[in-house]
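Below are the chains, spelled out letter by letter.
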There are 2 protein chains.
Amino acid sequence: MARPKFTDIVAALPDFVPFVGPEAQERKQGYSFRVRLGANESVFGPSPKAIAAMEAAAHENWKYADPDNFDLRSAIAAHHNVALSNVVVGEGIDGLLGLTVRMFAAPGDAIITSDGAYPTFNFHVVSHGAALIKVPFVDDREDLIGLATSARKHNARIVYVSNPNNPMGTWWPASEIAKLHAALPAQTLLVLDEAYADTAPTNAIPELDVTSANIIRYRTFSKAYGLAGARIGYAIADEKTIAGFERVRNHYGINRVGQVGALAALFDQAYLRGVVQEISAAREAITAIAQKHNLSAIPSAANFVAIDCGGRGQKAEQVLSGLLEAGVFVRRPGVAPLNRCIRVSCGRGEDLAIFEQALTSVLAVL
Amino acid sequence: MARPKFTDIVAALPDFVPFVGPEAQERKQGYSFRVRLGANESVFGPSPKAIAAMEAAAHENWKYADPDNFDLRSAIAAHHNVALSNVVVGEGIDGLLGLTVRMFAAPGDAIITSDGAYPTFNFHVVSHGAALIKVPFVDDREDLIGLATSARKHNARIVYVSNPNNPMGTWWPASEIAKLHAALPAQTLLVLDEAYADTAPTNAIPELDVTSANIIRYRTFSKAYGLAGARIGYAIADEKTIAGFERVRNHYGINRVGQVGALAALFDQAYLRGVVQEISAAREAITAIAQKHNLSAIPSAANFVAIDCGGRGQKAEQVLSGLLEAGVFVRRPGVAPLNRCIRVSCGRGEDLAIFEQALTSVLAVL
């Protein structure tokens with residue numbers, strides 16, 4: 001039957017979703033998870049001041065949020081010591097990554113990422129018809145030299161790097177990121193996803209330089225700030241790049257409660273520091289649990305730990321499956337050799353106790 | 001200096017924002033608005049049950065929302081008696097309109113709208129590089145025959161119609177919309193924006209027919225439901241079209257508090273009916289105020305009324321300017337001959353009293 005045709009790009013897309021949500025898994029399996037340690041959310045929650053601000057904002061939710069996100073962007077700009085014109089707020093880093101691809105990559109243009117890195121970025125690349133080129137991880141880290149080499153070889157428009165890295169939690173020192181940046185052609189944009197910057201060692205995060213035109217830094221309130229549900233991410237870049245976002249973004253895409261909550265969370269840096277300490281302690285606790293069961297944990301600078309189950313992925317698959325059956329929501333990297341691991345988000349003592357109990361049971365029958 | 005290049009489409013875009021927010025106006029003018037009647041929000045607010053649900057959800061905002069929006073979509077599907085696979089939820093109708101253009105229109109493809117209709121739709125058309133063709137309003141209504149003629153002439157991929165119409169509040173009976181739909185080629189998609197369906201006469205809203213492949217219906221929680229800040233809109237269409245949205249949408253773009261609030265609002269139809277009555281009464285009150293000042297009001301099926309200030313727009317410009325100076329946020333259609341009007345959102349008695357007082361003062365000195 002004749003019907004409106006999708007564009008060639010959309011018609012060719014697979015029906016692929018980067019991350020099936022835990023709720024869909026719960027519906028499918030018919031029971032609820034006992035602990036939620038699979039999406040790198042912060043079970044420690046946001047600042048109580050953010051919660052109070054959001055409760056109050058619920059009463060004002062009949063109004064659109066300020067489409068300029070002026071108060072939030074001003075606070076972000078002050079926090080990072082950059083200008084308002086260097087900041088754009090989006091519906092999570094995810095939303096901003098989609099816009100970035102759209103702004104800089106025409107169909108067929110080459111975009112480089114690491115094989116096994118953030119699948120949502122890949123989703124946006126493919127769904128805009130750009131050509132995705134993947135460079136393997138080396139020693140569980142994104143291969144910065146390999147990425148730069150590939151970028152030059154393919155005349156790439158964009159190179160994606162996450163630091164700290166998801167799904168492994170590994171990181172490079174700022175000096176190595178700076179070398180990658182310097183090695184890229186001026187026309188190649190470095191998309192530096194720093195969703196996990198807040199839990200990383202200081203020396204992993206390069207100084208912000210908004211005079212450089214070929215780098216965008218991405219941050220979020222979804223991780224250490226504990227506001228994944230708010231969908232507030234932001235990007236910091238040179239003024240012309242930010243002006244590009246203004247040309248394409250959904251100006252009324254940001255929700256009022258999230259906008260207000262993020263602002264209050266940003267203002268409560270003391271709370272954030274406390275959470276970062278709890279996350280650090282939880283990383284050690286997860287590592288200890290792994291070691292106790294003769295598994296190794298990949299050192300992590302993020303709010304999760306990848307536990308190496310060894311071999312070529314079959315054991316990790318079995319462990320994942322057993323944990324899910326025991327009501328423990330965790331995830332497993334999708335690509336070899338990373339998929340020999342399971343990825344466990346940081347949790348409170350009670351969350352990790354349930355995780356450990358389940359892990360013990362699962363390993364006992366393998 | 002060499003720098004990453006925007007795509008040709010993005011490089012050619014103007015720095016244009018469809019709607020400057022009232023907050024930006026307030027910052028510029030240096031004082032706050034006394035009443036907020038410019039953005040067709042619902043000052044009557046959402047259901048108290050929705051507010052309570054959002055307050056509770058603020059405590060759960062450390063979790064991502066279900067990316068499938070399963071509970072909300074299920075309730076929407078049940079409410080409209082369609083299948084789950086006929087519903088997609090987006091960041092307001094705005095977000096869904098952007099995706100629609102992206103799904104169906106390649107650069108250069110023709111898209112038809114009315115000259116003076118929703119500028120955010122135009123923004124998305126232009127920002128995707130499609131060719132926007134505008135058909136004049138006739139008698140303050142979208143010209144359905146003209147739109148169909150233009151669609152056939154230009155082999156359009158999309159025809160945009162809002163019913164009831166924004167910014168005039170006028171509407172067509174369902175039978176006329178059905179005629180337009182029937183007059184379109186099967187390959188031309190009818191984008192039927194029904195943001196104001198909840199305040200329209202029943203006979204203005206065609207039956208939903210999800211077996212037709214060339215129509216998408218758009219609804220929102222921003223208007224009569226009183227949740228503009230939540231950014232929850234949805235589209236109803238045939239299953240293949242909805243599957244297309246799934247290929248391109250930002251799956252984690254919906255905020256948790258908004259998702260929960262919309263669900264609670266949908267369940268409280270009694271409250272919605274009460275608000276619709278208040279909106280209806282407010283339309284009459286605005287009309288009476290206009291008439292009292294020897295202005296005419298355009299009959300409206302939306303949650304606002306366009307007041308005809310006469311002439312060619314100069315008087316409306318003066319009235320708008322005077323109202324803004326008096327702290328009354330209203331808007332004015334952007335295009336002749338619609339711009340002879342000012343557009344006033346429905347308000348409570350106290351809001352309209354301030355509006356009337358300001359209008360009286362403004363008119364006295366014109």
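Residues numbered from 1 in each chain as written. Chains lettered and ligands numbered in written order. Predicted model: local features only at pLDDT ≥ 70, side-chain atom pairs only at ≥ 80, totals over all residues.

1. Quick word on the sheet that holds strand β9 (residues 296-297) of chain A
Residues and elements named next belong to chain A.
Turning to step 1, where the next piece is worked out: Taken together, the three strands give an open sheet; going across it, the order is β9-β10-β12, and neighbouring strands pair in antiparallel fashion. What marks the edges here is a single partner per strand, and that holds for β9 and β12 (341-345).
Turning to step 2, where the next piece is worked out: Here β9 runs beside strand β10 (residues 304-308); their pairing, made up of two bridges, is antiparallel. Along β10, the bridge assignment pairs A297 with I307. (Pairing = 2+ DSSP bridges. Helix = DSSP H or I, 4+ residues; strand = E, 2+ residues; numbered from the N terminus.)

2. Here we look at the pairing of strand β10 (residues 304-308) of chain B
Residue and element names in this part refer to chain B.
Turning to step 1, where the next piece is worked out: By the criterion of burial, β10 is predominantly enclosed, with five of the five residues buried.
Turning to step 2, where the next piece is worked out: Of the two faces of β10, the one lined by F304, A306 and D308 and the one lined by V305 and I307 are each fully buried.
Turning to step 3, where the next piece is worked out: Linking two consecutive strands that pair antiparallel, namely strand β9 (residues 296-297) and β10, is a turn of six residues.
Turning to step 4, where the next piece is worked out: Two strands pair when backbone bridges link them, and β10 and strand β12 (residues 341-345) are joined in this way by five bridges, in the antiparallel orientation. Bridge assignment links V305 to a residue of β12, and that residue is V344. (Buried ≥ 20, exposed ≤ 12 C-beta atoms within 10 Å, placed from the backbone.)

3. Some thoughts on helix α5 (residues 92-104) of chain B
What sets the pattern is the α-helix's 3.6 residues per turn: residues three or four places apart point alike.
Turning to step 1, where the next piece is worked out: Helix length check: α5 of chain B, at 13 residues, gives a terminal C-alpha distance of 19 Å against a target of 18 Å (1.5 Å per residue), a fit within 8%.
Turning to step 2, where the next piece is worked out: In terms of burial, α5 of chain B is a largely internal element, 13 of the 13 residues being buried. (Expected span 1.5 Å × (residues − 1).)

4. Side note on the pairing of strand β7 (residues 215-220) of chain B
Residues and elements named next belong to chain B.
Turning to step 1, where the next piece is worked out: When you tally the buried positions in β7, you get six out of six residues, the bulk of the element.
Turning to step 2, where the next piece is worked out: Here β7 shows two buried faces, one formed by I215, R217 and R219 and the other by I216, Y218 and T220.
Turning to step 3, where the next piece is worked out: The pairing of strand β6 (residues 189-193) with β7 spans four bridges and is parallel. Across the sheet, V191 pairs through a bridge with I216, a residue of β7.
Turning to step 4, where the next piece is worked out: Where β7 and strand β8 (residues 233-236) come together, four bridges link them in antiparallel fashion. Residue pairing for β8: T220 is matched across the bridge by G233.

5. Details of the relation of the copies chain A and chain B
Turning to step 1, where the next piece is worked out: You can overlay chain A on chain B at an RMSD of 0.0 Å; the transform is a turn of 180° with a shift of 0.0 Å along its axis. Here the transformation between the copies is reduced to the relation of a two-fold axis. Minimal C-alpha separation from the rotation axis in chain A is found for E55 of chain A, amounting to 2.3 Å.
Turning to step 2, where the next piece is worked out: Most of the interface of chain A is mirrored in chain B, where 100% of its interface residues again form contacts. (Least-squares fit on C-alpha atoms with pLDDT ≥ 70 in both. Contact = placed C-beta atoms within 7 Å.)

6. Considerations on the nonpolar core
Turning to step 1, where the next piece is worked out: Ranked by internal contacts, the top residues of the largest apolar core, which has 258 residues, are V159 of chain A together with V159 of chain B.
Turning to step 2, where the next piece is worked out: Each residue touching V159 of chain A, except ones within four places of it in the same chain, is listed here: I112, L147, A151, L184, T188, L190 and V191 of chain A. (Core = buried A, V, L, I, M, F, W, Y, C linked by C-beta atoms within 7 Å.)

7. Details of the domain arrangement of chain A
Where interface size is quoted, it is often the accessible area lost as the parts come together.
All names here are of chain A.
Turning to step 1, where the next piece is worked out: According to the domain assignment, chain A consists of domain 1 (20-45 + 270-364) and domain 2 (48-267).
Turning to step 2, where the next piece is worked out: If you average the C-alpha positions of domain 1 and of domain 2, the two centres end up 25 Å apart.
Turning to step 3, where the next piece is worked out: Between domain 1 and domain 2, the residue contacts involve 22 residues of the former and 23 residues of the latter.
Turning to step 4, where the next piece is worked out: Only α11 (269-292) and β10 provide two or more residues apiece to the side of domain 1 that touches domain 2.
Turning to step 5, where the next piece is worked out: Among the elements that make up the side of domain 1 that touches domain 2, the one with the highest residue count is α11 (four residues).
Turning to step 6, where the next piece is worked out: Among the residues forming the side of domain 1 that touches domain 2, the class breakdown is 14 nonpolar, six polar and two charged. (Domains from an automatic or database assignment. Nonpolar A, V, L, I, M, F, W, Y, C, P; charged D, E, K, R; others polar.)

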